[in-house]
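Each chain, written out:
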Amino acid sequence: RALVAKPRLLVLDEATSNLDKANEERILRMLQGLRGRCTVLALTHHPALAQGADQGMVLAKGRIQAMGPPAAVARTNAYYRRMAGV
């Protein structure tokens, strides 16, 4: 429903939690299709969603612990490395 209005910003909180693999993959493909048309802010603990990100960020106790391209964040932040499976 949110995509019908063609938002410039789409905020998702654990968008793929509690989904079976097939539906998770459908959502991931849909999000990839939004590239260049909509900014997606996805809050997640799920590696599949984090791996498709242009930018990664780790928040802890209300503070940014690491931020940047996922590979760079993975090099400097052990939590992100474990969560994203990189």
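One structure accompanies this document, and this report is about it.

About the criteria used
- Residues numbered from 1 in each chain as written.
- Predicted model: local features only at pLDDT ≥ 70, side-chain atom pairs only at ≥ 80, totals over all residues.
- Heavy atoms only, no water.
- Helix = DSSP H or I, 4+ residues; strand = E, 2+ residues; numbered from the N terminus.
- Buried < 20%, exposed > 50% of the residue type's maximum accessible area, 1.4 Å probe, protein only.
- Contact = heavy atoms within 4.5 Å.
- Expected span 1.5 Å × (residues − 1).
- Arc of directions from axis to C-beta.
- Polar contact = N/O pair within 3.5 Å; in protein donor to acceptor, adjacent residues only side chain to side chain.

Right, let's get into the environment of leucine 19. Within the secondary structure, leucine 19 sits in the loop between strand E1 (9–13) and helix H1 (21–33). We classify leucine 19 as partly exposed; its relative accessible area is 35%. Discounting chain neighbours no more than four positions away, the residues touching leucine 19 are Glu24 and Ile27.

Right, let's get into the side chain of asparagine 77. Within the fold, asparagine 77 resides in the loop between helix H3 (70–76) and helix H4 (78–84). Under the relative-accessibility criterion, asparagine 77 is labelled buried at 11%. Once you skip the residues sitting within four places of it in the chain, asparagine 77 turns out to touch Val58, Gln65 and Ala66.

With 13 residues, H1 extends 18 Å from end C-alpha to end C-alpha; this agrees with the ideal 18 Å at 1.5 Å per step. Restricting attention to buried positions, one finds in H1 the residues Glu24, Leu28 and Leu31. Each buried residue of H1 lies within a common arc of 60 degrees when the element is viewed along its axis, so the set occupies one face. Away from its buried face, by an angle of more than 90 degrees, H1 presents the exposed residues Arg26 and Arg29. For H1, the capping residue at the N-terminal end is aspartate 20, with a side-chain oxygen 3.1 Å from the backbone nitrogen of alanine 22.

Before going further, it helps to examine the environment of alanine 66. Mapped onto the elements of the fold, alanine 66 is located in strand E4 (residues 63–68). Separated by 25 residues in the primary sequence, alanine 66 and leucine 41 have C-alpha atoms spaced 16 Å apart. Apart from the residues lying within four places of it in its own chain, the contact partners of alanine 66 are Gly56, Met57, Val58, Val73, Thr76 and Asn77.

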